[in-house]
Every structure is written in C-alpha cells, then in structure tokens.
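As a plain string of letters, each chain reads:
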Amino acid sequence: MIYKWFIRHQWKEMIRASIWQKSIILNIVLGLVMGILLLNFLVIGLFIDKILLDTFPGEDPYTIFCGALVYYLGFELFMRFMLQNLPVLNIETYLHLPIKKSAILHYVSGKSIVAFGNYLPLLIVAPFAFKVVAPAYGTGIGWVWLLSFMILVFANNFLATYLKRQLTGKASIVGMVGVLLIALVLLDYFEILSLSGASAWAFTFLVKNPWTIALPVVWIIFTYSLNYLYLKGKLYPDEVIPSRKSGVDSLQRIQFLESRGITGQMILLDLRLIWRHKRT
C-alpha cells in the first residue's frame with residue numbers, strides 16, 4: 001500500500017534529521033517522564049469513581065463525570081489549536097509520480113489520528129466505562145459509550161486541525177474563540193446556561209438509545225471532510241504558497257534593467273533565481 005511508503009519515508013526523514021541525533025538523551029528522559037505521567041493517569045482512571053464519590057458525596061458519579069466531559073472537549077479543542085502541530089507532507093516529491101492525488105490527501109488528512117493526545121483520555125475514560133457504565137447499563141452499552149467519546153475526541157482533532165489551517169495568523173479570531181469558551185464556562189458557573197447538565201443528559205440519552213452513536217459518526221465524517229476538501233484546494237505548491245508566486249511576479253519587470261540590453265536582462269534573470277531560491 002502507498003500509505004506504507006508514506007510512513008516509511010517520514011520515519012526515515014525524522015531519524016535522519018540532525019536534531020533527532022543530537023537529542024537522543026533528551027528523548028529518553030522525556031520518554032521516562034511520559035511513562036510516569038501515563039501511570040498517574042491510569043491510577044486516576046482506576047479510582048475515578050471513588051474520587052468522585054469522595055469529592056461529591058451523595059451524587060451520582062456517572063452524572064458528574066459525563067457533565068465534565070463537555071469541559072474536557074472544549075479545553076482539549078483550545079489546547080490542540082494552540083499546541084498541536086499541523087500534519088504535513090512534502091507533497092512536491094510525490095506530485096510527479098503515478099500516485100493518486102486522493103491517496104496523498106487522505107494520508108495528510110488522517111495523519112494526525114496517531115497523535116499521542118488522542119489516546120491519553122483512554123487511561124481515564126476506559127476504566128470508568130467498565131467500572132461504572134458497564135455494570136449499570138451492560139457491557140455492550142459500555143463499549144458504545146466509550147466508542148462514542150473516542151469518536152468525539154478524534155473529531156476534535158480534525159476540527160482543531162482545520163481551524164488552525166484556516167485561522168493561523170488571525171489572532172483576533174483566535175481570541176474571539178477563546179473568549180467564547182470562557183463565556184460559556186461563566187454562564188454555566190452562574191447557572192444561566194447549564195453546559196454540564198446538557199452534557200450529562202446527552203451521554204445518558206446515548207446509553208439509553210445506543211443508535212445515537214450515529215451522531216458522533218456523522219460529526220467525525222464532517223470534520224474529516226473539512227480537512228480533505230481544504231487540502232484538495234491547496235494541493236499544488238503554487239496554491240499552498242501563494243506568497244512565493246507573488247514574490248516572483250514582483251520581479252518580472254524592472255524597467256531600469258530592461259533598458260540595459262542583454263546585460264540588464266541577464267542581471268534580472270539572476271535576481272529572479274535568487275529570489276526564488278528556498279534559502280533566500
């Protein structure tokens with residue numbers, strides 16, 4: 001499969017980079033720190049029901065946990081937008097090869113699905129699903145609940161990627177999105193609009209009506225399609241980097257050099273080559 005070659009090429013590109021070889025010790029240390037962090041998350045997940053009972057005595061842990069999921073998804077969307085790197089591929093090296101353009105687009109669109117942050121919630125959510133949801137509603141419903149939440153996490157990933165591609169460099173719009181999220185939290189805090197209540201109701205409706213898992217599936221297809229269609233319109237280098245094209249066009253005519261005959265034309269040609277060079 002062509003995707004196998006894409007993955008192999010990117011792996012070689014990463015391990016052959018000088019920064020990778022210079023920071024092997026740092027990568028090992030970060031790996032150990034990450035292992036400790038994962039262990040802590042797993043412990044929290046195994047005892048999340050008892051933690052909720054101790055923190056909110058007399059209340060249903062399922063309702064409290066599901067009510068908090070909307071805050072997690074909103075916070076995760078904002079943090080992904082701020083911190084997550086955009087999935088990229090050096091498409092210029094593949095466009096001249098007999099490879100379907102759709103294969104390139106699907107690889108770049110779906111590349112972010114392997115991001116570490118997509119699977120971190122499993123350490124908390126999976127134990128909760130099988131310790132709280134499954135005993136109350138059945139093992140099958142526990143799987144549906146867990147799968148629905150993970151679909152929303154992946155949809156968050158695609159949505160954040162699309163927004164970052166669209167809004168990078170537009171600080172005012174990013175600020176407006178941040179203000180909107182804060183406003184929604186404040187509305188819930190002052191009990192004007194209960195987001196936590198709506199979230200708890202939605203996940204309770206899900207476990208009572210498992211067919212509603214179709215709604216998260218439709219949402220993830222929609223967010224994936226947004227990325228695919230955006231990249232489809234930016235597939236070629238002249239479309240991906242319009243500034244390069246405009247920069248070259250700005251040197252198409254310099255009347256002072258054109259009036260100097262063949263010498264001026266050669267100088268103008270040299271200037272165009274310098275201007276188009278990547279390092280320049």
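Just so it is clear, the model here is predicted, and its values are computed rather than measured.

S.K.: Explain the nonpolar core here, please?
M.R.: Proteins that are soluble and globular tend to have nonpolar side chains buried together. Tyr62, Phe65, Phe128, Trp145, Leu146, Phe149 and Phe203 are the most contacted members of the largest nonpolar core, which totals 30 residues. Taken together, the elements giving at least two residues each to this core come down to α4 (48–55), α5 (61–83), α7 (122–137), α8 (139–167) and α10 (195–208). Looking at which element gives the most residues to this core, the answer is α8, with ten residues. Excluding its chain neighbours within four sequence positions, the residues that come into contact with Phe65 are Ile48, Leu52, Ile124, Val125, Phe128 and Trp145. Counting eight residues, the second-largest nonpolar core is a separate cluster that includes Ile99, Leu105, Tyr107 and Val108.

S.K.: Hey, could you run me through the pattern of salt bridges in this one?
M.R.: Note that side chains of opposite charge can pair when their charged atoms are close. Inspection of the entire model under this criterion finds two salt bridges. Lys131 is paired through a salt bridge with Asp49; the nearest N and O atoms lie 3.5 Å apart. Taken together, the residues Lys131 in helix α7 and Asp49 in helix α4 connect sequence positions 82 residues apart. For Lys131, a relative accessible area of 37% gives the class partly exposed. Taking the shortest distance from any N to any O, the salt bridge between Arg80 and Glu76 comes out at 3.1 Å.

S.K.: Can you walk me through the packing of α8 against helix α11 (residues 214–232) in this structure?
M.R.: Packed helix pairs are specified by the crossing angle of their axes together with the interaxial distance, meaning the distance between the axes. Where α8 contacts α11, the axes come no closer than 9 Å and their chain directions differ by 25°. Taken together, the axes of α8 and α11 lie roughly parallel to each other. When you trace α8 past α11, the crossing you get is left-handed. Seen from α8, the contacting residues are Ser148, Ile151, Leu152, Phe154, Ala155, Phe158, Leu159, Thr161, Tyr162, Arg165 and Gln166; seen from α11, they are Pro216, Val217, Trp219, Ile220, Thr223, Tyr224, Leu226, Asn227, Tyr230 and Leu231. Residues belonging to the contact of α8 with α11 are distributed by class as follows: 15 nonpolar, five polar and one charged.

S.K.: I keep staring at α5 and nothing clicks. Help me out?
M.R.: Note: α-helices contain 3.6 residues per turn, so residues at a spacing of three or four share the same orientation. The end-to-end C-alpha separation of α5 is 31 Å, in line with the 33 Å expected for 23 residues at 1.5 Å each. By the burial criterion, the buried members of α5 are Pro61, Tyr62, Phe65, Cys66, Gly67, Leu69, Leu73, Gly74, Glu76, Leu77, Arg80 and Phe81.

S.K.: Explain empty space enclosed by the protein to me, please; I cannot follow it from the model alone.
M.R.: Summary: where empty space remains is shown by rolling a probe the size of a single water molecule over the atoms. This structure, assessed with the given rule, holds two cavities of 30 Å³ or more. Estimated volume of the second largest cavity: approximately 30 Å³. Lining the second largest cavity are Arg80, Phe81, Gln84, Asn85, Leu86, Pro87, Ala160, Thr161 and Lys164. Elements supplying a minimum of two residues to the lining of the second largest cavity: α5 and α8. No other element matches the three residues that α8 contributes to the lining of the second largest cavity. The class makeup of the residues in the lining of the second largest cavity is four nonpolar, three polar and two charged.

S.K.: How should the side chain of Arg165 be read in this particular structure?
M.R.: Mapped onto the fold, Arg165 is located in helix α8. A distance of 2.9 Å separates a polar atom in the side chain of Arg165 from a polar atom in the side chain of Asn227. If we skip the residues at most four places from it in the chain, Arg165 touches Leu86, Pro87, Val108, Asn227, Tyr230 and Leu231.

S.K.: Hey, could you run me through the packing of α5 against α10 in this one?
M.R.: It is the contact of α5 with α10, at a shortest axis distance of 7 Å, that shows an interaxial angle of 115°. Put simply, α5 runs roughly perpendicular to α10. Crossing geometry of α5 relative to α10 is assigned as right-handed. Of the residues in α10, those in contact with Tyr62, Thr63, Cys66, Gly67, Leu69, Val70 and Tyr71 of α5 are Leu195, Ser196, Ser199, Ala200, Phe203, Thr204 and Val207. Within the contact of α5 with α10, the residues separate by chemical class into nine nonpolar, five polar and no charged.

S.K.: Looking at this structure, I do not really get the packing of aromatic side chains. What am I missing?
M.R.: Each pair of aromatic rings is reported with the distance of its centres and the angle of its planes. The full count for this structure, using the stated rule, is 13 aromatic pairs. Geometrically, the ring pair formed by Phe128 and Trp145 is tilted, given 5.7 Å between the ring centres and 45° between the ring planes. In this pair, Phe128 sits in helix α7 while Trp145 sits in helix α8, placing the two residues 17 residues apart along the sequence. Both residues of the pair, Phe128 and Trp145, count as buried.

S.K.: Would you explain the environment of Ala134 in this entry?
M.R.: Take Ala134: it is sitting in helix α7. Placed eleven residues apart in sequence, Ala134 and Trp145 show a C-alpha to C-alpha distance of 9.1 Å. The contacts of Ala134, once residues within four sequence positions are left out, are Ala129, Thr139 and Gly142.

S.K.: I tried to follow a nonpolar patch on the surface on my own but got confused; where do I start?
M.R.: Taken together, the side chains of Leu39, Leu42, Val43, Ile44, Leu46, Phe47 and Ile51 define a hydrophobic patch exposed on the protein surface, amounting to about 560 Å² of accessible area. It is helix α3 (residues 24–46) that provides the largest number of residues to the nonpolar patch, a total of five residues. In this fold, Val43 is placed in helix α3.

Criteria and thresholds
Chains are numbered independently. Their residues run from 1 in the order of the written sequence. Local features in this predicted model are restricted to residues whose pLDDT is 70 or higher, and side-chain atom pairs enter the listing and the counts only when it is 80 or higher, whereas totals over whole chains, interfaces and linings include all residues. The side-chain values count all of the structure's non-hydrogen atoms but skip hydrogen atoms and water molecules. We define a nonpolar core as any set of buried Ala, Val, Leu, Ile, Met, Phe, Trp, Tyr and Cys residues linked to one another through side-chain atoms lying within 4.5 Å. Note on exposure labels: buried denotes an accessible area under 20% of the residue type's maximum, exposed denotes more than 50%, and partly exposed covers the range between, all computed with a 1.4 Å probe on protein chains only. Put simply, DSSP H or I for four residues or longer makes a helix, DSSP E for two residues or longer makes a strand, and each gets a number counted from the N terminus. Note on definitions: a residue-residue contact is assigned when non-hydrogen atoms from the two residues lie within 4.5 Å. Here a salt bridge means any side-chain nitrogen of Lys or Arg lying within 4 Å of a carboxyl oxygen belonging to Asp or Glu. A fitted line through C-alpha atoms serves as each axis, taken over the contacting stretch for helices, and the angle formed by two N-to-C directions is quoted from 0 to 180°. Roughly parallel here means an angle under 35 degrees, roughly antiparallel means over 145, roughly perpendicular means 65 to 115, and every remaining angle is called oblique. Crossing handedness: left-handed means the near helix sits turned counterclockwise from the far one by under a right angle, and right-handed means the same turn made clockwise. Only Asp, Glu, Lys and Arg are considered charged, only Ala, Val, Leu, Ile, Met, Phe, Trp, Tyr, Cys and Pro nonpolar, and every remaining residue, Gly among them, polar. Take the residue count of a helix, subtract one, and multiply by 1.5 Å to get its expected span. In this analysis, the protein atoms alone were mapped onto a 1 Å grid. Cavities are point sets where a 1.4 Å probe fits without being able to get out; pockets are open sets with protein on both sides within 12 Å along at least five of seven lines; lining residues have an atom within 4 Å of a point. Grid points are joined across faces, edges and corners, and a volume is the space filled by probe spheres set on the points. Nitrogen and oxygen atoms within 3.5 Å of one another constitute a polar contact, given that in protein one can donate a hydrogen and the other can accept it, and given that sequence-neighbouring residues count only through two side-chain atoms. Under the pairing criterion, centres of Phe, Tyr and Trp rings, with the six-membered ring standing for Trp, must be within 6.5 Å; the plane angle then separates stacked pairs below 30 degrees from edge-to-face pairs above 60, leaving the rest tilted. Residues enter patches when their relative accessible area tops 30% and they take part in no salt bridge; the joining distance is 9 Å for like charges and 5 Å for the nonpolar side chains Val, Leu, Ile, Met, Phe, Trp and Tyr. The protein chains shown are the only cover counted for residues, whose accessible areas, like all others here, come from Shrake-Rupley with a 1.4 Å probe.

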